[in-house]
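If you want the building blocks of each chain, they are given just below.
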Amino acid sequence: MEISNVVFSCAALGAAERPKEWFPHVAVSGRSNVGKSSLLNWLFRRPLAKVAKAPGKTRTINFFLVDTALYLVDLPGYGYAKVNRQMREAWGRELTKYLNDEPRLAGVICLVDIRRGPTELDRELFEMLINAERDFVIVLTKADKLSRGKGAAQRARVQRELGLGKPPLAVSVRTGEGRRELIQQIDSLAAAWRHQGGGN
Ligand SMILES: Nc1nc2c(ncn2[C@@H]2O[C@H](COP(=O)(O)OP(=O)(O)OP(=O)(O)O)[C@@H](O)[C@H]2O)c(=O)[nH]1
Ligand SMILES: [Mg+2]
């Protein structure tokens, strides 16, 4: 798979606002500021998703239609204390509904900062995805922030801590590391969904 034509489709909070077309969704999740929107722009090679230095930028579920075949979905981040509680609860509810109930959701790319490793909130999300029987992969972001040796050590640590079959993929939008492998992972999630009957 290559990503050539991408169009922003819509920003949704509730289920009624999601796109109507029956294409698989691959969603990108993670803490605020982990680099979700940056990673999507890097995949698109176009700045379609809004990025910010401060956390809490993305506040809706944003759908991008890729080559009229699948949606890549930018999710609001979690773990950002400064947004008011009412807002946070509203997203939490809508996000939980989306992750649990959306039949077109083929899988989730769970981003974790390579320097920090998984946090308590990340683990809560993994738990929710396991309970919902969702396919997901863990991807470490900002690989450029660590030396090669330290990066490899962090990958091994995360593998061990989460009991993964192999070390997670590490990516960097700065150096370009991991782009092809990430596209492959997205492709396999969508392919598995189609193979399993496409949400029907
Ligand atoms: N060094 C480095 N910085 C990165 C990388 N990816 C993202 N960043 C920076 O991290 C910050 C947050 O990026 P965003 O893409 O807005 O993060 P987000 O996860 O979408 O954040 P929310 O929308 O608030 O949940 C920005 O300052 C980015 O430039 C990377 O691979 N390397
Ligand atoms: Mg964002």
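Attention in this report is confined to the structure presented alongside it. (Residues numbered from 1 in each chain as written. Chains lettered and ligands numbered in written order. Predicted model: local features only at pLDDT ≥ 70, side-chain atom pairs only at ≥ 80, totals over all residues. Heavy atoms only, no water.)

**Examining the overall build of the protein chain**
Next, step 1: For the protein chain, the count of helices and strands is five helices and seven strands.
Next, step 2: Secondary structure of the protein chain in N-to-C order comes out as β-β-α-β-β-α-β-α-β-α-β-α.
Next, step 3: Over its C-alpha atoms the protein chain spans a radius of gyration of 16 Å, differing by no more than 12% from the 16 Å that the globule rule assigns to 200 residues.
Next, step 4: Dimensions along the principal axes, computed over C-alpha positions, put the protein chain at roughly 45 × 40 × 35 Å.
Next, step 5: Going through the 200 residues of the protein chain one by one, you find that 46% of them count as buried.
Next, step 6: Taking the contacts inside the protein chain whose residues are at least 6 apart along the sequence as the reference set, 73% of them involve residues at least 24 apart.
Next, step 7: With the model as given, the accessible surface of the protein chain reaches about 10,300 Å², and the carbon-plus-sulfur share is 50%.
Next, step 8: One way to put it: in the protein chain the 32 positive side-chain charges average out to a point 7 Å from where the 21 negative ones average out. (Helix = DSSP H or I, 4+ residues; strand = E, 2+ residues; numbered from the N terminus. Rg over C-alpha atoms; globule rule 2.2 N^0.38 Å. Buried < 20%, exposed > 50% of the residue type's maximum accessible area, 1.4 Å probe, protein only. Contact = heavy atoms within 4.5 Å. Areas by Shrake-Rupley, 256 points an atom, 1.4 Å probe, with all protein chains shown as cover. Lys, Arg positive; Asp, Glu negative; His and termini not counted. Charge placed at Lys NZ, Arg CZ, Asp CG, Glu CD.)

**Things to note about helix α1 (residues 36-44)**
Next, step 1: Burial analysis of α1 places eight of its nine residues in the buried class, which makes it a mostly covered element.
Next, step 2: Taken residue by residue, α1 has Lys36, Ser37, Leu39, Leu40, Asn41, Trp42, Leu43 and Phe44 as its buried positions.
Next, step 3: Arg45, located one to two residues past α1, shows a positive phi value of around 60°.

**Section: the side chain of Asp122**
Next, step 1: Examined against the element boundaries, Asp122 turns out to sit in helix α3 (residues 120-131).
Next, step 2: This buried residue, Asp122, is left without a salt bridge; Arg31 holds the nearest opposite charge, at 5.6 Å.
Next, step 3: Among the polar contacts listed, one links the side chain of Asp122 to the side chain of Tyr78, at a separation of 2.6 Å.
Next, step 4: In this view, Asp122 contacts Arg31, Tyr78, Leu111, Val112 and Gly117; residues no more than four positions away in its chain are not counted. (Salt bridge = Lys/Arg side-chain N within 4 Å of Asp/Glu carboxyl O. Polar contact = N/O pair within 3.5 Å; in protein donor to acceptor, adjacent residues only side chain to side chain.)

**Quick word on the layout of surface pockets**
Next, step 1: The computed volume of the second largest pocket comes to approximately 380 Å³.
Next, step 2: Taken together, 15 residues form the lining of the second largest pocket, with Tyr78, Gly79, Gly92, Leu95 and Leu121 sitting closest to its centre.
Next, step 3: If one sorts the elements of the lining of the second largest pocket by residue count, helix α2 (residues 85-101) sits on top with six residues.
Next, step 4: Across the lining of the second largest pocket, the residue classes tally to nine nonpolar, four polar and two charged. (1 Å grid on protein atoms, 1.4 Å probe; cavity = no way out; pocket = protein on both sides within 12 Å on 5 of 7 lines; lining within 4 Å. Points joined across faces, edges and corners; volume = space filled by probe spheres on them. Nonpolar A, V, L, I, M, F, W, Y, C, P; charged D, E, K, R; others polar.)

**A short note on the nonpolar core**
Next, step 1: Leu43, Phe44, Leu72, Ile109 and Leu182 are the most contacted members of the largest nonpolar core, which has 27 residues in total.
Next, step 2: Only β2 (25-30), α1, β3 (61-66), β4 (70-74), β5 (105-113) and α5 (179-195) provide two or more residues apiece to this core.
Next, step 3: At six residues, α5 tops the list of elements feeding residues into this core.
Next, step 4: When near neighbours in sequence (up to four residues on either side) are disregarded, Phe44 contacts Ile3, Val6, Phe64, Val66 and Leu72.
Next, step 5: In terms of nonpolar packing, the next biggest core, distinct from the first, is built from 26 residues, Cys10, Phe63, Leu99 and Val158 among them. (Core = buried A, V, L, I, M, F, W, Y, C linked by side-chain atoms within 4.5 Å.)

**Quick word on the packing of α1 against α5**
Next, step 1: The interhelical angle for the contact between α1 and α5, taken along N-to-C directions, is 95°, at an axis separation of 11 Å. Relative to α5, α1 is oriented roughly perpendicular. Mapping the contact onto sequence places Leu39, Trp42 and Leu43 in α1 and Arg179, Leu182, Ile183 and Ile186 in α5.
Next, step 2: The residue inventory of the contact of α1 with α5, partitioned by class, reads six nonpolar, no polar and one charged. (Axes fitted to C-alpha atoms, helices over the stretch in contact; angles between N-to-C directions. Parallel < 35°, antiparallel > 145°, perpendicular 65-115°, else oblique.)

**Overview of unusual backbone geometry**
Next, step 1: The residue Asn33 is not glycine, and still its phi comes out positive at about 80°.
Next, step 2: Secondary-structure assignment places Asn33 in the loop between β2 and α1.
Next, step 3: Look at Thr68: it is not a glycine, yet its phi comes out positive at around 45°.
Next, step 4: Along the chain, Thr68 falls in the loop between β3 and β4.

**Points about the pattern of salt bridges**
Next, step 1: Across all of its chains, the model carries seven salt bridges by this definition.
Next, step 2: Between Lys97 and Glu94 there is a salt bridge, with its nearest N and O atoms 3.2 Å apart. Taken together, the residues Lys97 and Glu94, both in helix α2 and three residues apart, mark about one turn of the helix.
Next, step 3: Owing to a relative accessible area of 40%, Lys97 belongs among the partly exposed residues under this scheme.
Next, step 4: For the salt bridge of Arg157 with Glu161, the shortest nitrogen-to-oxygen distance reads 2.9 Å.

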